[in-house]
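Secondary and tertiary structure notes
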Amino acid sequence: MKRELTAPDGGWGYVIVAAIAITNGVSALPVVTFGIVYGEFLKSVGDEIANSALASGICFATQWISGLAANLLLRRISYRTTGVLGALLTFTGTFGISFVTSFEQFVFCFSIMLPMGCGLTLAAMLTAFNLYFDKKRTVAYNLGSAVTIPITVLFPSLGSFLVQRFGFRGANVIHAAIMLHCLPAMLCLHPIEWHVDKQKVAPEAGKFLLGDVERKRKFWEGLGLGLFTDPTYVNIVLGISLCLSSDFFFMTTLPSLLANFKVTIEDTTILMTAFFTADIVGRLCLFGVTACTEVKNRLLLMIGAILIACARTGFILNHPFWPMVACTTVMGLLRCSLKATYPLIFAELYSTKFAGAFSLFMVSCGVVSISTGCLIGVLKNATQSNEMVGHFLTAMQLFCPLSWVIEIFVKKIKC
């Protein structure tokens, strides 16, 4: 036993949840409007699909890998300071896009500076969340997730309006101003000492996402590389990394895919709005379910991955507008099964080793995303088919439930 801070499970913690919702929602703006705002510029400097895939892959990888760096940084400075630094870096990267004239400059601002800032804010928020919540973690986490999506549902319409009214560069300046809202959100990450008293608790109490690693522990011990000798852990990391990468690349290439289907900008906006509206409904339903009963997050992700893959296939094969709306709505409704469950999967299965387990997953996800971006570029050049890119991303996602089902059968056979 030693003297530590207990998680209050409420109070100012709900302000932390609001800060997470605002920051995650605002940070999604460049991704949600990627094709709408940046599509024409990327087309002017090369192949739009290939450039989108490469820039998105580097962006996705940088955010995850920066999460590991942020976890190390948090050992030396406060999570509030880390969050403010991330917010400023995010704004600088977004604002810098307004002045780019080449693809390389775009990559530096969009794929390095912007996600680096997002990684720092993510780590800061999760560290604060960890300290403020213990028994109510799952409900509070899903509450924040449910609040995030309503912020993003209007972004496609906003992106279309800004581009038509102010052009690519003017729209991006306004994007940067919106991204600056992350700064006051990060200032809300008060030190927990301001809101609770110290009590005697067990050393491991209150550990959750990106939990505090003992300062005296050596670096490699903190990373927990021995986890890669666990087949279950490797299977989980690979499966989730493929699912998240598949979801990210499908979203960033979706507007370009719709353009090839001869879908108008107005109809594209309707489809994207339907997607994010359904995402709101799905997350609200998930919050309601988790508030009433216990859910196995790994099973939820596995089922969701299968159903989303089916909806994607229907979307690519059916070009009439209303069937596309139906498939898009299903994909949005089930997206929460991917985005809101993966941190909790690691918390369920590796609660005592969460810091190392989640950090290694972040690096692995970054490597997978870089590889996926390169493979998409090669596939597009070889086939000249955007539909093949969509099918490739769907196959990536199906690998997760397939490998997890095989794992279940192997374990049953051994028993």
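This write-up is about the structure you can find in this document. (Residues numbered from 1 in each chain as written. Predicted model: local features only at pLDDT ≥ 70, side-chain atom pairs only at ≥ 80, totals over all residues. Heavy atoms only, no water.)

Here the focus is the overall build of the protein. In terms of regular secondary structure, the protein is built from 18 helices and 2 strands. Within the protein, buried positions represent 56% of all 415 residues. For the protein, the accessible area works out to roughly 17,600 Å², and carbon and sulfur atoms hold 68% of it. (Helix = DSSP H or I, 4+ residues; strand = E, 2+ residues; numbered from the N terminus. Buried < 20%, exposed > 50% of the residue type's maximum accessible area, 1.4 Å probe, protein only. Areas by Shrake-Rupley, 256 points an atom, 1.4 Å probe, with all protein chains shown as cover.)

With that settled, the discussion passes to the pattern of salt bridges. On inspection of all chains with the given rule, the structure shows 5 salt bridges. With a closest N to O distance of 2.7 Å, Arg298 and Glu407 form a salt bridge. Separated by 109 residues along the polypeptide, Arg298 in helix H13 (residues 297-317) and Glu407 in helix H18 (residues 386-414) bring together distant segments of the chain. Just as Arg298 is buried, Glu407 falls in that class too. (Salt bridge = Lys/Arg side-chain N within 4 Å of Asp/Glu carboxyl O.)

With respect to the helices, strands and loops of the structure, Thr94 is situated in helix H5 (residues 79-97). On the basis of relative accessible area, Thr94 is assigned to the buried category, the value being 0%. Other than its neighbours up to four places away in sequence, Thr94 contacts Leu114, Asn172, His175, Ala176 and Met179. (Contact = heavy atoms within 4.5 Å.)

What follows deals with the packing of aromatic side chains. With the rule as written, the count across this model stands at 16 aromatic pairs. Note on Phe41 and Phe106: the rings are 5.8 Å apart at their centroids and 40° apart in plane angle, and the pair reads as tilted. In this pair, Phe41 is assigned in helix H3 (residues 34-44) and Phe106 in helix H6 (residues 103-132), connecting sequence segments 65 residues apart. The pair formed by Phe41 and Phe106 is uniform in burial state, with each residue classed as buried. Between Phe41 and Phe168 the ring centres are 5.2 Å apart and the planes differ by 15°, which places this aromatic pair in the stacked class. Pair noted here: Phe41 is in helix H3 and Phe168 is in helix H8 (residues 155-179), with a separation of 127 residues, a long-range link. For the pair shown, Phe41 and Phe168 are each scored as buried. Joined through ring pairs, the aromatic side chains of Tyr38, Phe41, Phe106, Phe110 and Phe168 make up one cluster. Against the face of Trp404 rests Arg298, its NZ or CZ located 4.4 Å from the ring centre. The cationic tip of Arg312 hangs over the ring face of Phe250; the distance from NZ or CZ to the ring centre is 4.6 Å. (Phe/Tyr/Trp six-rings, centres within 6.5 Å; stacked < 30°, edge-to-face > 60°. Lys NZ or Arg CZ within 6 Å of the ring centre and 35° of its normal.)

What follows is about helix H7 (residues 137-152). The end-to-end C-alpha distance of H7 is 23 Å, a good match for the 22 Å that 16 residues give at a rise of 1.5 Å each. For H7, the complete set of buried residues consists of Arg137, Ala140, Tyr141, Asn142, Gly144, Ser145, Ala146, Thr148, Ile149 and Thr152. On its buried face, H7 is in contact with helix H1 (13-27), helix H2 (29-32), H6, H8, helix H12 (265-292) and helix H16 (342-349). (Expected span 1.5 Å × (residues − 1).)

What makes Arg298 buried here is its relative accessible area of 17%. Contact partners of Arg298, with chain neighbours within four places excluded, come to Thr232, Asn235, Ile236, Ile345, Glu348, Leu349, Trp404 and Glu407.

All right, on to the packing of H1 against H6 then. Relative orientation of the contacting elements H1 and H6 amounts to 160°, with a least axis distance of 10 Å. Between H1 and H6, the crossing angle belongs to the class labelled roughly antiparallel. As for the relative orientation of H1 and H6, their crossing is left-handed in sense. Contacts between H1 and H6 involve Gly13, Ile16, Val17, Ala19, Ile20, Thr23, Asn24 and Ser27 from the first element and Cys118, Thr121, Met125, Ala128, Phe129 and Tyr132 from the second. By residue class, the composition of the contact of H1 with H6 is 9 nonpolar, 5 polar and no charged. (Axes fitted to C-alpha atoms, helices over the stretch in contact; angles between N-to-C directions. Parallel < 35°, antiparallel > 145°, perpendicular 65-115°, else oblique. Left-handed = near helix turned anticlockwise from the far one by under 90°. Nonpolar A, V, L, I, M, F, W, Y, C, P; charged D, E, K, R; others polar.)

Quick look at the side chain of Asn235 now. Within the secondary structure layout, Asn235 lies in helix H11 (residues 231-260). Since its relative accessible area comes to 13%, Asn235 is described here as buried.

All right, on to a nonpolar patch on the surface then. Among the surface-exposed residues, Leu299, Ile303, Ile306, Leu307 and Leu398 lie close enough to one another that they form a single nonpolar patch of about 410 Å² accessible area. Top contributing element to the nonpolar patch by residue count: H13, with 4 residues. Of note, Leu307 is situated in helix H13. With relative accessibility at 42%, the residue Leu307 sits in the partly exposed group. (Patch = residues over 30% accessible without salt bridge, like charges linked within 9 Å, V, L, I, M, F, W, Y side chains within 5 Å.)

Counting across every chain of the model gives 0 disulfides. Cysteine Cys182 remains unbridged, with the sulfur of Cys118 as its closest cysteine sulfur at 6.9 Å. A residue is classified by how much of its surface remains accessible, and Cys182, at 1% relative accessible area, is buried. This cysteine, Cys243, is not joined by any disulfide, and Cys400 carries the nearest cysteine sulfur, 3.7 Å off. By relative accessible area, which is 1% here, Cys243 ends up buried. (Disulfide = S-S within 2.5 Å.)

Among the structural elements, Ile16 can be located in helix H1. With sequence-adjacent residues up to four places away left out, Ile16 is seen in contact with Met125, Ala128, Phe129, Tyr132, Cys188, Leu189 and His190.

The subject of this paragraph is the nonpolar core. Counting residues in each nonpolar core, the largest one holds 108 residues, and the members touching the most others are Phe106, Ile240, Phe315, Phe346 and Phe361. With 17 residues, the single largest contributor to this core is H6. Setting aside residues up to four positions removed in sequence, Phe106 forms contacts with Phe34, Tyr38, Phe41, Leu42, Ala55, Ile97, Val100 and Ser111. (Core = buried A, V, L, I, M, F, W, Y, C linked by side-chain atoms within 4.5 Å.)

Here we come to helix H14 (residues 321-334). Compared with the 20 Å implied by 1.5 Å per residue over 14 residues, the 20 Å span of H14 between its first and last C-alpha is a close match. At its buried positions, H14 is contacted by H11, H12 and H13.

Purely geometric numbers; function is a separate question.
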